[in-house]
Amino acid sequence: MDPYDSQVSTSRRRTSNLKDYFVGATPLQKRLESVRRQSSFFPSPPRRKIPQCTQLQEEIDPRKVAFLLHKQWTVYSLTPLYKFSYSNFKEYSRLLSAFIAAERQKGLAVEVGEDFNIKVIFSTLVGVRGTQRDPEAFLVQILSKSQSSREHGEGRVLWTGWFCCVFGESLLETVSEDFTCLPLFLANGAESNTSLIGGWFQKTFDCCFSPLAISAFNLSWMAAMWTACKMDHYMATTEFFWSVPCSPQSLDISYAIHPEDAKALWDSVHKTPGEVTQEEVDLFMDCLYSHFHRHFKIHLSATRLVRVSTSVASAHTDGKIKILCHKYLIGVLAYMTELAIFQIE
Amino acid sequence: MSVLRPMDKLPDLNRATVLLVGTQDALLQKLAESMLQEQCASELRVHLANSLPLPSNVNRPRIDLIVFVINLHSQYSLRNVEECLSHVDSSFFLGKVCFLATGAGRESHCSVHQNTVIKLAHTYRSPLLFCDLEVESFRVTMAQRLVRMLQICAGHVPGISAVNLLSLLRRSDSPPSKEL
Amino acid sequence: MASAMEQQGEKPAAGAEDCGEVRDEPQAAGESIEDRIRLLLRLRAQTKQQLLEYKSMIDASEEKTPEQIMQEKQIEVKIEDLENEIEDVKSSFEVKSLALNRMKLSAALTNNIEKMGTESSVLTDDMKHIIKLHKLIMKSQEESSELEEKLLGIRKKRLQLKQTSRSKLLEIQTEKSKQKKDLDNMENSEVIKTMQKKLQMEIKITTVIQHVFQGLILGSKTNWAEDSALREIVLQLEKDLTTI
């Protein structure tokens, strides 16, 4: 039975380490490895860094990014752009404005003359990045040009959209040189404009937009991380919204806490300095749930968290966020980038 | 009896009993109906429960398989199941316990991460099945699987025992807790 | 598994009091004896399996479990080991049963063939076909190995040729570069330099002499344009020697 014994010994230890097979450094192999890793293990790092304002590599000028705060942004995830260059901004603005005007005039009689009453501006956003390796963020704005030639000022902003990438190393490693990785796209303005511009980008740079839906699990992580941020003064109360799935129509429960109380609760839960773990997040949410249960006898854990709103930022499960504090802008964007990258992959 | 034991009663002839534990009655009811509609040579009995321990005043047959249903949309069901696990005798976990996670299809509604459930199943060395119990076809398929598992656990299939099945269902890749 | 499919809900039609009794269901009134026998056999198999399970539980509980409190990691490692043991036992059992089956099959085959003798039957035909196929396989394997060897030889030759051509090209390159270097050296050599200097000197001297002659002729105030011989000489003196 000797040949059979050897068969027996080879059946031992069938667990194979995927890393042994990948020694090549080509981007395609790295991509394959990351895809395989994603498909077998679902990424949920048990610890995550609390966003700190000292993590910025370049200083963001608060005035320059002030227009990013206090606005409701709809978030999309974006695959890498092909052959995008930062020096062709004028060209892109010209093409995009022509495209938009053409789309608007579809079906109508063609107007003579080049005077479109909208103007598109591309510009870079300095400082909205995590490390030096992240590509520079850029901004697209649609302005309405005033009809009269006497006004020299800029027209009214109709639509704003910006692309950024904050700490996107895992994606940057796997793409080749021709691609620019800006996985996060935020838009504010009319939905029709968003779809127009999205279509133009998809055609020009061969990328793909998809709306980023934030699950209740990620919302609870965000709540914990943002409550953990140290703030000098709180400008908004901490609020949570839950949606109860029941017929005929769903109920909504909103729970508002004083932000200092929330911070005190977090501090009592928080053990490891500088990091947030899954257990701490669960404990934090459990405290809120049990407090609510004690008063109202409703199990909030059986419902679905739809919206979280803190002094740092607020997020809705449909993919809408609003950033309120410029100190933690990078931190919030880093988490959103991570979600976007996960959705792309 | 506060703790469920697998072998403390004699088996009834040609009868297999499964206990479904979960918080959402509607889902459990649907799953039970799908299981009963399966064609099976043995007689099936399905018991539903919201939580353990079971009331001791009811005369019930020997339970052959326990299925814990966890809804990934609600953390309450996960906590409930975790509490119930302490009321189950350890010899049950030799193949007679199964975890069923539902609701993984709609990622945006999930408040429990899949990793958590995978770790839980790994800690208790029991198989974890994913199924969207709302969808008819998936539910029917899962019911077929569960009925087959139940038959094996009740000893109605000669040559395979529950422990054998357990080692067959073992996942061959290492769990995420080791990776991270 | 028996083919009799009985579908029961939560309320059984009749309970079974003891093992040997056959079920008496209203819809199975027309059941034949075979169905009943099948049912009995199935119940027998079930009871056997359940008895086996209970026995193994008793055996397991007789084993002494270690009472000391182990750390969680150690428990995990121990569980892994035990699970691997189960796997090993299972696979060895499978392998052994496979071997036994094979032996049984071959024994049955030999018995059958002995019984049948040399007359043709399906079995012998099959076996002859199998042997033919095996021979074919071996032949084609040989051919393919030959072809592979030829291919390998050709590849080696090609590699050699490539290497020799590469070395030849390298030689050519070195030769060319050497030539070029020699040329450069020659141009820069001292001999040429001195020769060039002498040439320059001579040209200068000649130019001076030319100018002197020019001066002589002009100074003599003769009309050199009329005389053809003098004109030729003056024109020749105008030639610039550095451009020659």
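Residue positions are given per chain, counting from 1 as you read along its sequence in written order. In the order they appear in the text, chains get letters beginning with A and ligands get numbers beginning with 1. Confidence filtering applies because this is a predicted model: local features only for residues at pLDDT of at least 70, side-chain atom pairs given and counted only at 80 or more, and all residues used for totals across whole chains, interfaces and linings. With hydrogens and water excluded, all non-hydrogen atoms of the structure serve as input to the side-chain values.

### Looking at the overall build of chain C
Secondary structure is summarised from DSSP: a helix means a run of H or I of at least four residues, a strand means a run of E of at least two, and numbering begins at the N terminus for each. Helix and strand content of chain C: 5 helices and 0 strands. The linear arrangement of helices and strands in chain C, starting from the amino end, is α-α-α-α-α. Note on classification: 1.4 Å probe, protein chains only; a residue is buried when its accessible area is under 20% of the maximum for its type, exposed when over 50%, partly exposed between these limits. When each of the 244 residues of chain C is scored for burial, the buried share is 13%. Across chain C, the fraction of contacts at a sequence separation of at least 24, relative to all contacts at a separation of at least 6, is 40%. Carbon and sulfur atoms form 60% of the exposed surface of chain C, whose accessible area is close to 21,300 Å². Should any heavy atoms of two residues lie within 4.5 Å, those residues are counted as being in contact. Here the Shrake-Rupley method, with its probe set to 1.4 Å, supplies the accessible areas, and only the displayed protein chains count as covering residues.

### Some words on the packing of aromatic side chains
Residue and element names in this part refer to chain A. Only Phe, Tyr and Trp rings are paired, with Trp represented by its six-membered ring, and only when their centres lie within 6.5 Å; those with planes under 30 degrees apart are stacked, over 60 edge-to-face, the remainder tilted. For the structure on display, the rule yields 37 aromatic pairs over all chains. Ring centres of Phe-84 and Phe-205 lie 5.1 Å apart, and the angle between their planes is 75°; this geometry places the pair in the edge-to-face category. With Phe-84 in the loop between β3 (81-82) and α3 (89-104) and Phe-205 in helix α5 (residues 191-205), the pair connects residues that are 121 residues apart, well separated along the chain. Assigned by exposure class, Phe-84 and Phe-205 land together as buried.

### Here we look at the sheet that holds strand β3 (residues 65-71) of chain B
All names here are of chain B. A sheet is described by the order of its strands in space; here 5 strands give the open sequence β2-β1-β3-β4-β5, paired in parallel fashion. Each edge of the open sheet carries a strand with a single partner, namely β2 (43-49) and β5 (128-130). Looking at each pair of strands side by side, their axes are set apart by 25° on average, direction ignored. Taken together, the 6 bridges between β3 and strand β4 (residues 97-102) define a ladder with parallel strand orientation. Bridging across to β4, Ile-66 finds its partner in Val-97. Packing of helix α2 (residues 75-84) onto the sheet brings it into contact with β1 (15-21), β3 and β4, and relative to β3 it is tilted by some 150°. With respect to the sheet, helix α3 (residues 114-123) is in contact with β3, β4 and β5, its orientation differing from that of β5 by roughly 150°. A strand pair is defined by DSSP finding two or more bridges across the two strands. Note on geometry: axes are C-alpha line fits, over the in-contact stretch for helices, and angles between N-to-C directions span 0 to 180 degrees.

### As for the environment of Leu-129 of chain B
Locating Leu-129 of chain B in the fold gives a position in strand β5. Distance from Leu-129 of chain B to Val-69 of chain B, taken between C-alpha atoms, is 9.6 Å for residues 60 residues apart in sequence.

### A word on a nonpolar patch on the surface
Exposure above 30% relative accessible area and no salt bridge define the residues that can form patches, which grow by joining like charges within 9 Å and nonpolar side chains of Val, Leu, Ile, Met, Phe, Trp and Tyr within 5 Å. What counts as a salt bridge is simple: a side-chain nitrogen of Lys or Arg found within 4 Å of a carboxyl oxygen of Asp or Glu. Side chains of Met-201, Ile-205, Val-208, Ile-209, Val-212, Phe-213 and Leu-216 of chain C sit close together on the surface and give an oily, nonpolar patch of about 660 Å² of accessible area. Its location among the elements puts Ile-209 of chain C in helix α4 (residues 190-219).

### Some remarks on the nonpolar core
Buried residues of nine kinds, namely Ala, Val, Leu, Ile, Met, Phe, Trp, Tyr and Cys, make up a nonpolar core once their side-chain atoms join them within 4.5 Å. Trp-162, Cys-164, Leu-186, Phe-240, Ile-321, Leu-333 and Met-336 of chain A are the most contacted members of the largest nonpolar core, which has 61 residues in total. In this structure Leu-186 of chain A touches Trp-73, Thr-74, Val-75, Thr-160, Gly-161, Trp-162, Cys-164, Ile-321 and Leu-333 of chain A, once residues within four positions along its chain are discounted. Counting 31 residues, the second largest nonpolar core, distinct from the first, contains Leu-65, Leu-129, Cys-153 and Ala-162 of chain B.

### Observations regarding the pairing of strand β5 (residues 137-144) of chain A
All names here are of chain A. Buried residues dominate β5, accounting for 8 of its 8 residues. Every second residue of β5 is oriented toward a common face, with Ala-137, Leu-139, Gln-141 and Leu-143 on one face and Phe-138, Val-140, Ile-142 and Ser-144 on the other, all of them buried. Here strand β4 (residues 118-125) runs beside β5; their pairing, made up of 8 bridges, is antiparallel. Note on β5: the bridge partner recorded for Ile-121 is Gln-141. One ladder, built from 6 bridges, connects β5 with strand β6 (residues 157-164); its direction is antiparallel.

### Description of the packing of helix α6 (residues 216-228) of chain A against helix α9 (residues 329-344) of chain A
All names here are of chain A. Viewed as axis vectors pointing N to C, α6 and α9 meet at an angle of 160°, and their least axial separation amounts to 12 Å. One element, α6, and the other, α9, form an angle in the roughly antiparallel class. Between α6 and α9 the crossing geometry is right-handed. Residue-level contacts link Asn-218, Trp-221, Met-222, Met-225 and Trp-226 of α6 to Val-332, Tyr-335, Met-336 and Leu-339 of α9. Taken together, the residues of the contact of α6 with α9 break down into 8 nonpolar, 1 polar and no charged. In what follows, roughly perpendicular refers to angles from 65 to 115 degrees, roughly parallel to angles under 35, roughly antiparallel to angles over 145, and oblique to any angle outside these ranges. A clockwise turn of the near helix away from the far one marks a right-handed crossing, whereas an anticlockwise turn of less than a right angle marks a left-handed crossing. Residue classes follow a fixed rule: Ala, Val, Leu, Ile, Met, Phe, Trp, Tyr, Cys and Pro count as nonpolar, while Asp, Glu, Lys and Arg count as charged, and any other residue, Gly among them, counts as polar.

### Some points on the confidence of the model for chain B
pLDDT measures the predictor's confidence residue by residue and takes values from 0 up to 100. Scored by pLDDT, chain B comes out at a mean of 85, with 93% of its residues at no less than 70. Low pLDDT (under 50) marks residues 174-180 of chain B, which in the prediction has 12 contacts with non-local residues, meaning those over four places away or in another chain.

### Things to note about α5 of chain A
Residues and elements named next belong to chain A. By this rule the span expected of a helix is its residue count minus one, scaled by 1.5 Å. Compared with an ideal rise of 1.5 Å per residue, which puts 15 residues at 21 Å, α5 spans 21 Å between its outermost C-alpha atoms and is within 8% of the ideal. Buried within α5 are the following residues: Asn-193, Thr-194, Leu-196, Ile-197, Gly-198, Trp-200, Phe-201 and Phe-205. Of the residues trailing α5, Asp-206 is marked for its positive phi of about 55°.

### Focus: the side chain of Ser-77 of chain A
All names here are of chain A. With respect to the helices, strands and loops of the structure, Ser-77 is situated in strand β2 (residues 72-78). Of the polar contacts made by the side chain of Ser-77, one reaches the side chain of Gln-343; its length is 3.1 Å. Residues within four places of Ser-77 in sequence aside, it is in contact with Pro-183, Cys-208, Phe-209, Ser-210, Leu-212, Ala-340, Gln-343 and Ile-344. Polar contact is defined as a pair of N or O atoms within 3.5 Å, subject to the rule that within protein one atom must be able to donate a hydrogen and the other to accept it, and that residues adjacent in sequence are counted only when both atoms are side-chain atoms.

### Notes on the pattern of salt bridges
Under the definition given, this model contains 14 salt bridges over all chains. Asp-64 of chain B is the salt-bridge partner of Arg-62 of chain B, the closest N and O atoms lying 3.0 Å from each other. We note that Arg-62 of chain B, like Asp-64 of chain B, is buried. When the shortest N-O distance is used, the salt bridge between Lys-96 of chain B and Glu-53 of chain C registers 3.9 Å. Within this pair, whereas Lys-96 of chain B is found in the loop between α2 and β4, its partner Glu-53 of chain C is found in helix α1 (residues 33-62), the two belonging to separate chains. There is no split in this pair, since Lys-96 of chain B and Glu-53 of chain C are both buried. In the salt-bridge network here, residues are joined through shared partners; they are Asp-286 of chain A together with Arg-79 and Glu-82 of chain B.

### Side note on the packing of α3 of chain A against α5 of chain A
Residues and elements named next belong to chain A. α5 packs onto α3 with a crossing angle of 125° between their chain directions and a minimal axis gap of 11 Å. Taken as axis vectors, α3 and α5 run oblique relative to one another. α5 is crossed by α3, and the crossing has right-handed handedness. Across the interface between the two elements, Tyr-92, Leu-95, Leu-96, Phe-99, Ile-100, Glu-103 and Arg-104 from α3 touch Asn-193, Leu-196, Ile-197, Trp-200, Lys-203 and Phe-205 from α5. Of the residues that constitute the contact of α3 with α5, the class distribution is 9 nonpolar, 1 polar and 3 charged.

### Some details on unusual backbone geometry
The omega torsion across Leu-52 of chain B and Pro-53 of chain B is 5°, close enough to zero to call that bond cis. A positive phi angle is found at His-70 of chain A, which is not glycine, with a value near 60°. Relative to the assigned elements, His-70 of chain A resides in the loop between β1 (47-49) and β2. Positive phi is not limited to glycine here, since Asn-14 of chain B has a value of about 60°. Along the chain, Asn-14 of chain B turns up in the segment before β1.

### Considerations on the state of the cysteines
Residues and elements named next belong to chain B. The term disulfide is used for any two cysteine sulfur atoms that are within 2.5 Å. Evaluated as defined, the whole model comprises 0 disulfides over all chains. Not engaged in a disulfide, the cysteine Cys-98 finds its nearest cysteine sulfur in Cys-153; these two sulfurs lie 8.7 Å apart. Classification of Cys-98 as buried rests on a relative accessible area of 0%.

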